[in-house]
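This is what each chain is made of:
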Amino acid sequence: MGALGAYGLRLQRKRYRYRALKRRRQLTTVADRTGALRPDDIVLVTTLRNEKVRLPYFLRYYRQLGIGQFLVVDNGSTDGSREYLADQPDVSLWSTEASYKRSRYGMDWMNALLSRYCQRRWALTVDVDEFFIYPFCDTRSLGALTDWLSASSIRSFGALIVDMYPRGPVDAEAYRAGQNPFEIAAWFDSGNYTISRNPKFGNLWIQGGPRARVFFAEEPALAPALNKIPLVRWERRFAYVSSTHNILPRGLNRVYDEWGGEKASGCLLHAKFLDTFAEKSAEEMVRKQHYAASREYRAYERAAGGNPQLWCEWSEKYVNWQQMETLGLMSKGNWA
Amino acid sequence: MTVGFIMLVHEPLERARQVARHWAAAGCPIMIHVDKAVPARVFDAFRRDLEDLPNIRFSARHRCEWGTFSLVDATQTAAQAMLEAFPDLQHVFLASGSCLPLRPVGELRDYLAKHADTDFIESVTTTDVPWTIGGLDSERFDFSFPFSWKRHRYLFDRWVRLQRLVGRRRPIPEGLQPHLGSQWWCLTRKTLEAILGDARRGVFERYFRRVWIPDESYFQTLTRLHARRIESRSLTLSKFDFQGKPHIFYDDHLQLLRRSDCFVARKIWPRANRLYDSFLNTPAFEDPAANPNPGQIDQIFARAVDRRTRGRPGLYMQSRFPNWDWENGKTAAPYGMLCGFGDLCEAFPQWLSRTIGCRAHGHLFAPERVEFAGNLTTFAGGLSGDARLRDYSPQAFLTNLIWNTRGERQCFLYGARDNQQIQRFVCADPNAHISIVTGAWAVPLFQSGRPFGEARAEAAALQKIEAAFLKRLRAPQTRARVRIWTMAEFLENPAEPLLTIAADLGGALRPPLAEMPHLRNLDGFDTFVQALRNEGMHPHLMGELPVSQPSDAARRSARRATR
């Protein structure tokens, strides 16, 4: 990359930071508990809309992992999500009725919270239907991972989105609040991912999984990106670009090794395909607030009237992180 | 007759305090050096907290920086103070604040009593160690290092480069033979006294002040001058990763650490509560006299280094995406790519699969769909049979297929009609076993019954494609295992190529084969070929076909082979 290209990226990063600064004014504080943050707390940052049924398990899962505090933007929930979150002792909550789309799908808000509260702190930016797993997550807390990353001078940690789905139609079993979603959506695709490099940002672009297999056979290039960099030791000058798929400065996107070795990485188990999916996708078709004119949701509608069957006889049933590492979806790298 | 510990500690101090108490309670003298970077307030609290233990002392504090002589300074000061304060010491054990004793002090005492004259210090010459960092091995003794690696990396690197350029060699004080080794040692009183009281200590120090990472070489080198008996190993279990950073132990290493029979381990994650609880409270070892045996732990960390530097062959994933030719194996396992055989033999994949017990697919790269074995529409790992998904990245399709089926040999048919984009990759892959019968693409054309004009045009196109493929197969940079027969050679004696590929792909397989595939009926094929010639197309890839009844001869030879 030449000096001009590098300067272009610098400008782009500045622009995102400026947008974040500006969009921060759209956020109304509902509950600010950031004063209670300790210096080494790991923070989770997320934005959501009408996800009340998912919240009890989501909070429990990440508390257990070792998250110190949740920074949440509620984008106009009407199902009581906001009230529920405001009562949690470790959640700081902001709300906004502004456009999700015009906030670059929530990323301006995320960047705003990250730069305001996460300076020199490890921050995990995920959606409420994404569950982070990493090597040794059954025996070592998230703090062990971030301590090791810090000691190894690693600033960002990659995770592949693994779409989880039930056996049978997506809406066959109802998800109850507080339930582990992977009791229902226990299956995933283990080895049909395609990878290429994004020359501009230097990140890998990964597609595949059940969504490519079932919804995007006609136009594989349009299949959703599955690469994410959710865990970053944040500094004010950083900015997420497109969701958490890539980030600036571009050095942070180097979460992969190019000389044959494996860097440590994790997965985000994606509990999107539950019975809530049909409803959500119908709603998003109307709201048109999602990426690329909600292309993804249109593909779902087209494929199966919003109720697809993703399971196939080669689907793999989720057991634990060791299985994911054996299958090559994530790696321990040199963490042992 | 006892052992004392020097502890070099910095923040966080909580675990150091716990370990110091543990050792002190067992009656060991302890000299603690606290890094000067620790604020006075924190240090005072730490000191007050240990005041009740008379055998814990604190040495004068130095500001320590990794890679510099300050660590040796700190160690020397502490050792000097230690020897003066506790005159009855027999061994001095150097430890850090993130060390954890794995066995009761009594066992260590007994062990050292049995080796009263022995110095335990890893000490090897630079020519024998591969584990130095940044390419600095003998150079760490020949060059000087006035710039901080942590704070002035740029100057550090430039200075090293300059010294390399001029071929600098600093004179080494006479009588010294530079040795390297783990920073954590256990020396006898005599040796330590000799090192600290050496008449030329000033000379040695001047030299070592400019050596790179002297804490790994100062004592290691000088021990060689004074020791009576050296055991060149550390009693502290400490492993380093590929960047020279110490591996860290966590709760899940508990059983491994127990079985290691080592006396002390480092580095322990400060929040590994289970490790601290179990080793500091109930150390129970089956064999109190066991020798340290860290084999299993060595293996785990060696595997981690290997994973980080070489990775798993044939794996392409989010954190391993090697550049071309840096894959350490383009695919995960050997596989067979068979060209022309399916055109000449009926149900060839089924035959191959029965004969050598592999998974034999049809044309995986066919334009209409992926012909997985058994007509499956999806395959291992959730690979789709949709040609559009496959063609989005044919290379990923193939590497995924081979990765997903580790443990089961994969073979597939390939031909001039198929997606040609995969060739560059396959030809460069030593795992690919490519067997080709050239010109066989004409057989399906001949059998298709399509209008001759159409067939002729297609034949010309296919021949061109195959000729290009052959050129690639014969190129010097091809690393696949390639076998080429012309169609004429195949028909002359089909058993030979069939036996060859079966033995090649099936491993230990030996002739005779239980069964041979049925050859397709080629009656009239020679007329078809002649017609092509008459239309001005030259089918040059088939070889010299026998003019009459090739199929009879073929059938005869096939019978011979099965007999």
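Residues take numbers from 1 onward in each chain, read along the sequence in its written order. Written order decides the labels, with chains lettered from A and ligands numbered from 1. Thresholds applied to this predicted model are a pLDDT of at least 70 for local features of residues and 80 or more for the giving and counting of side-chain atom pairs; totals over whole chains, interfaces and linings are not thresholded and use all residues.

**Q** Sorry, what's going on with the overall build of chain B here?
**A** Secondary structure follows DSSP: runs of H or I at least 4 residues long count as helices, runs of E at least 2 residues long count as strands, and numbering of each begins at the N terminus. Scanning chain B from N- to C-terminus turns up 23 helices and 19 strands. C-alpha atoms define the radius of gyration, and 2.2 Å times the number of residues to the power 0.38 defines the globule rule. Whereas a compact globule of 563 residues would reach a radius of gyration of roughly 24 Å, chain B reaches 36 Å, over 25% beyond that. Viewed in the frame of its principal axes, chain B has a C-alpha envelope of about 105 × 55 × 45 Å. The 563 residues of chain B split such that 44% are buried. This entry defines residue contacts through backbone-placed C-beta atoms, with two residues in contact when those atoms are within 7 Å. For chain B, long-range pairs separated by at least 24 residues make up 77% of all intrachain contacts whose partners lie at least 6 apart in sequence. Once C-beta atoms are placed from the backbone, each residue is buried if 20 or more other C-beta atoms lie within 10 Å of its own, exposed if 12 or fewer, and partly exposed for counts between those two.

**Q** Teacher, can you tell me more about the overall build of chain A here?
**A** Counting secondary structure elements, chain A contains 9 helices and 15 strands. Considered along the principal axes of its C-alpha atoms, chain A spans approximately 50 × 45 × 40 Å. Buried positions account for 52% of the 336 residues belonging to chain A.

**Q** Please explain the sheet that holds strand 14 (residues 266-270) of chain A as it appears in this structure.
**A** Sheet strands pair via backbone hydrogen bonds, and the direction of the pair is either parallel or antiparallel. All names here are of chain A. Pairing between strands is defined by DSSP: at least two bridges between them are needed. If you trace the 9 strands from one edge of the open sheet to the other, you get 1-4-3-2-5-11-7-14-6, paired in mixed fashion. Edge positions in the sheet fall to strand 1 (28-31) and strand 6 (130-133), since each has one partner strand and no second. Here the average twist between neighbouring strands, direction ignored, is 25°. Note on geometry: axes are C-alpha line fits, over the in-contact stretch for helices, and angles between N-to-C directions span 0 to 180 degrees.

**Q** Explain unusual backbone geometry to me, please; I cannot follow it from the model alone.
**A** Most peptide bonds adopt trans geometry, and most residues besides glycine take a negative phi value. For the peptide bond that leads from Leu248(A) to Pro249(A), omega is 0°, which places it in the cis range. Examined against the element boundaries, Pro249(A) turns out to sit in the loop between strand 13 (247-248) and strand 14. Its identity is not glycine, yet Ala347(B) carries a phi of approximately 45°, on the positive side. Tracing the backbone shows Ala347(B) in the loop between helix 13 (341-344) and helix 14 (348-356).

**Q** Mind showing me how you'd approach the nonpolar core here?
**A** In globular proteins that are soluble, nonpolar side chains generally tend to be buried together. If you look at the biggest cluster of nonpolar residues, it comprises 245 residues, and the most contacted ones within it are Cys267(A), Ile6(B), Met7(B), Leu100(B), Val264(B) and Ala265(B). Both of domain 1 (2-116 + 235-309) and domain 2 (335-562) of chain B provide at least three residues apiece to this core. Those residues in contact with Ile6(B) that sit more than four places away from it in its chain are Met31(B), His33(B), Thr75(B), Ala78(B), Ala79(B), Met82(B), Val92(B), Leu94(B) and Ala95(B). To define a nonpolar core, we join buried Ala, Val, Leu, Ile, Met, Phe, Trp, Tyr and Cys residues through C-beta atoms within 7 Å and take the resulting set. Where each domain starts and ends follows an automatic or database-derived domain assignment.

**Q** Looking at this structure, I do not really get the sheet that holds strand 12 (residues 264-265) of chain B. What am I missing?
**A** All names here are of chain B. The 3 strands lie next to each other as 5-12-11, forming an open sheet whose pairing is mixed. Across the chains shown, the open sheet's two edge strands, defined by having one partner strand only, are strand 5 (100-101) and strand 11 (236-237). When strand 11 meets strand 12, the two strands line up parallel, connected through 2 bridges. By the bridge assignment for strand 12, Leu237 is matched with Ala265.

**Q** Quick question: what am I supposed to make of the confidence of the model for chain B here?
**A** Any region with low pLDDT has predicted coordinates that should not be read closely. Residues and elements named next belong to chain B. The score called pLDDT rates the predictor's confidence residue by residue, from a low of 0 to a high of 100. For chain B, the average pLDDT comes to 88, and 93% of its residues sit at 70 or higher. For chain B, per-element mean pLDDT is lowest for helix 23 (residues 550-562), which scores 47, and highest for helix 16 (residues 394-404), which scores 96. Segment residues 553-563 is flagged for pLDDT under 50; beyond a separation of four residues in sequence, or across chains, it makes 23 contacts in the model. Both confidence scores are given for the complex: pTM 0.90, ipTM 0.94.

**Q** What is the right way to look at the interface of chain B and chain A in this model?
**A** Interfaces are frequently sized by the accessible area removed from exposure as the parts join. Taken together, the contact between chain B and chain A spans 48 residues of the former and 49 residues of the latter. Breaking the side of chain B that touches chain A down by element, the ones donating at least two residues are helix 12 (295-309), strand 15 (378-379), strand 16 (383-384), helix 15 (387-392) and helix 16 of chain B. The biggest single contributor to the side of chain B that touches chain A is helix 12 of chain B, with 7 residues. Among the residues making up the side of chain B that touches chain A, the classes are represented as 21 nonpolar, 14 polar and 13 charged. When residues are grouped by polarity, Ala, Val, Leu, Ile, Met, Phe, Trp, Tyr, Cys and Pro land in nonpolar, Asp, Glu, Lys and Arg in charged, and all others, Gly among them, in polar.

**Q** What is the right way to look at the environment of Thr139(A) in this model?
**A** When you line up the elements, Thr139(A) lands in the loop between strand 6 and helix 5 (142-151). For Thr139(A), a count of 14 C-beta atoms within 10 Å puts it in the partly exposed group. A sequence separation of 74 residues divides Thr139(A) from Leu65(A), and the C-alpha atoms of the two residues are 10.0 Å apart. Contacts of Thr139(A), omitting those with residues within four sequence positions, involve Tyr250(B), Asp251(B) and Asp252(B).

**Q** I keep staring at the environment of Ser393(B) and nothing clicks. Help me out?
**A** As for its position among the elements, Ser393(B) is in the loop between helix 15 and helix 16. Overall, Ser393(B) belongs to the partly exposed group, with 19 C-beta atoms counted inside 10 Å.

**Q** Sorry, what's going on with the pairing of strand 5 (residues 121-125) of chain A here?
**A** Regular strands have side chains that alternate between both faces of the sheet. Residue and element names in this part refer to chain A. Burial analysis of strand 5 places 5 of its 5 residues in the buried class, which makes it a mostly covered element. Of the two faces of strand 5, the one carrying Arg121, Ala123 and Thr125 and the one carrying Trp122 and Leu124 are both buried. With 3 bridges connecting them, strand 2 (residues 43-48) and strand 5 associate as parallel partners. The residue of strand 5 that forms the bridge with Leu44 is Leu124. Looking at chain direction, strand 5 and strand 11 (residues 227-234) are connected through 4 bridges and run antiparallel. Within strand 11, the position partnered with Trp122 by the bridge is Arg233.

**Q** Would you explain the domain arrangement of chain B in this entry?
**A** When the domains of chain B are assigned, the result is domain 1 (2-116 + 235-309) and domain 2 (335-562). Here the C-alpha centre of domain 2 of chain B lies 65 Å away from the C-alpha centre of domain 1 of chain B.

**Q** Can you walk me through the environment of Pro135(A) in this structure?
**A** All names here are of chain A. Tracing the sequence through the fold places Pro135 in the loop between strand 6 and helix 5. For the pair Pro135 and Ile67, spaced 68 residues apart in sequence, the C-alpha separation works out to 17 Å. What Pro135 contacts, discounting residues up to four positions off in sequence, is Ala264, Trp321, Glu325, Met330, Lys332 and Trp335.

**Q** How should I be thinking about the packing of helix 3 (residues 70-85) of chain B against helix 7 (residues 189-196) of chain B in this particular structure?
**A** Between two packed helices, the angle of one axis relative to the other and the distance separating the axes together describe the packing. Residues and elements named next belong to chain B. Contact pair helix 3 / helix 7: the axes reach a minimum separation of 11 Å and the direction vectors enclose 120°. As the angle between them shows, helix 3 and helix 7 are arranged oblique. The chirality of how helix 3 crosses helix 7 is left-handed. Residue-level inspection shows Gln76, Ala79, Gln80 and Leu83 of helix 3 in contact with helix 7, the latter providing Arg189, Leu192, Glu193 and Leu196. A class-by-class count of the residues in the contact of helix 3 with helix 7 yields 4 nonpolar, 2 polar and 2 charged. Working definition: roughly parallel below 35 degrees, roughly antiparallel above 145 degrees, roughly perpendicular at 65 to 115 degrees, and oblique for all remaining angles. The hand of a helix crossing depends on one turn: near helix anticlockwise from the far one by less than a right angle means left-handed, and clockwise means right-handed.

**Q** So what exactly am I meant to see when it comes to the pairing of strand 9 (residues 193-197) of chain A here?
**A** Residues and elements named next belong to chain A. Relative to strand 10 (residues 204-208), strand 9 runs antiparallel, the two being bridged by 5 bridges. Across the sheet, the residue bridging to Arg197 is Leu204, located in strand 10. Taking the residues that link successive antiparallel strands as the turn, the strand 9-strand 10 hairpin has 6 residues, and the phi of Gly202 there is positive, at about 80°.

**Q** In this structure, what is going on with the packing of helix 1 (residues 3-23) of chain A against helix 4 (residues 107-117) of chain A? I would like to understand it.
**A** Residues and elements named next belong to chain A. Closest axis-to-axis distance for the helix 1/helix 4 pair is 8 Å, and the angle between their directions is 90°. The orientation of helix 1 relative to helix 4 falls into the category roughly perpendicular. Only Asp108, Trp109, Asn111, Ala112 and Ser115 of helix 4 make contact with helix 1, whose side of the interface consists of Tyr16, Arg17, Arg19, Ala20, Leu21 and Arg23. Classifying every residue of the contact of helix 1 with helix 4 gives 5 nonpolar, 2 polar and 4 charged.

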